[in-house]
Amino acid sequence: MEVNGDRGNLEKVQHVLLVLSGKGGVGKSTITTQLALALLHAGKKVGVLDVDLCGPSIPRMLGVHECEVHQCDSGWVPVRVGSLSVMSIGFLLDHPDDAIIWRGPKKSALIGQFVSDVAWGELDVLLVDTPPGTSDEHLAVLENLKKHRVDGAILVTTPQAVSVGDVRREITFCKRTGVKILGIVENMSGFVCPHCSECSSIFSTGGGEELAKLTGSHFLGSVPLDPLLSASVEEGRDFLQTFPESATYGAIRGIADTVLNSLQD
Ligand code: ADP
């Protein structure tokens, strides 16, 4: 869905997907980066747009937080991580002179606009890491993102967060505004022991699946709490390249494949 017929910088972007969560700290940015890398490893052209004002952490997770961004005639030039294109609001907020444009009553509209202010070029999938939560401000940001053609949303939750009404509110938001829910990812589902690689449940599990059933959404899969994954994102390393034998790798690849299949439906 788009406001007018001119998609501008999104012209050659096949699919725009929002990554949402009901609250911060559930691993939304981690899942965004890992899905992006998994899609990249699957041979797709991928972009990541980080508009998470609460903590734009994508550049750090991809090891490009010290990069400078530049503008060209058609907008901001994304930073490249290998062949992954990355743009974060954090790149701009780091520059005090630029920060001024994100203040004031039009902030959410400006963030919505930001998606089309990036010279993405040709992409198969653009993943948008959105601000977490269901406050009016966050919903306003999503409303503005939705003005661009959005193919769907991936909702990230943790097993213990499913009882929190926020997740359901996010689902209600998608339904009300006509954003298709591609599915739910349950993150931090079980703990992978770094010594024996065995996965044990520390919180309840299956909550994401339950929530998917309750709300008529697709369950995309679960990703365990894996210390090797958190160490990789802390250090900006490609987890999928470093630990291709791990169960967590299999889980992330599985989710990426399901996402790709649902885009082809
Ligand atoms: P959010 O974007 O929802 O605020 P983050 O992606 O920043 O959350 O993740 C919060 C913290 O949890 C980070 O330190 C990240 O490394 C860690 N984390 C997220 N998912 C996992 C996981 N599956 N295994 C291990 N650590 C994780």
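What you see is a predicted model; the values in this text were computed from it and never measured. (Residues numbered from 1 in each chain as written. Predicted model: local features only at pLDDT ≥ 70, side-chain atom pairs only at ≥ 80, totals over all residues. Heavy atoms only, no water.)

**A few points about the overall build of the protein**
- Helix and strand counts for the protein stand at eleven helices and eleven strands.
- Per-residue burial over the protein gives 52% buried out of 265 residues.
- Considering only contacts in the protein between residues 6 or more positions apart, those separated by 24 or more positions represent 77%.
- If you sum the accessible surface of the protein, you get close to 11700 Å²; carbon and sulfur atoms cover 50% of it. (Helix = DSSP H or I, 4+ residues; strand = E, 2+ residues; numbered from the N terminus. Buried < 20%, exposed > 50% of the residue type's maximum accessible area, 1.4 Å probe, protein only. Contact = heavy atoms within 4.5 Å. Areas by Shrake-Rupley, 256 points an atom, 1.4 Å probe, with all protein chains shown as cover.)

**Regarding the site of the ligand**
- Lining the immediate surroundings of the ligand are 18 residues, of which G25, K28, T30, P224 and D226 lie closest.
- At 2.9 Å from an oxygen atom of the ligand is found a main-chain nitrogen or oxygen belonging to G27.
- Measuring from an oxygen atom of the ligand, one finds a backbone N or O atom of S29 at 2.9 Å.
- The protein chains hide 82% of the 560 Å² of surface that the ligand would expose on its own.
- Those elements that provide at least two residues to the shell around the ligand are helix 1 (28–41), strand 9 (181–192), strand 11 (219–225) and helix 9 (227–235).
- Per-element accounting of the shell around the ligand gives the leading share, four residues, to helix 9.
- Broken down by class, the residue content of the shell around the ligand amounts to eight nonpolar, seven polar and three charged. (Near = heavy atom within 4 Å. Polar contact = N/O pair within 3.5 Å; in protein donor to acceptor, adjacent residues only side chain to side chain. Nonpolar A, V, L, I, M, F, W, Y, C, P; charged D, E, K, R; others polar.)

**Regarding the confidence of the model for the protein**
- Per-residue pLDDT for the protein has a mean of 84; in total, 85% of the residues score no lower than 70.
- Within the model, the stretch residues 1–5 combines pLDDT values under 50 with ten contacts to residues more than four positions away or in other chains. (pLDDT = per-residue confidence, 0-100.)

**Some thoughts on the nonpolar core**
- Within the largest apolar cluster, 75 residues are counted, with the highest numbers of intra-cluster contacts made by L49, L84, M87, F114, W120 and L126.
- Setting aside residues up to four positions removed in sequence, L49 forms contacts with M87, F114, V115, V118, W120, L126, L127, V128 and D129. (Core = buried A, V, L, I, M, F, W, Y, C linked by side-chain atoms within 4.5 Å.)

**Overview of unusual backbone geometry**
- A positive phi angle is found at M188, which is not glycine, with a value near 60 degrees.
- On the secondary structure map, M188 appears in strand 9.

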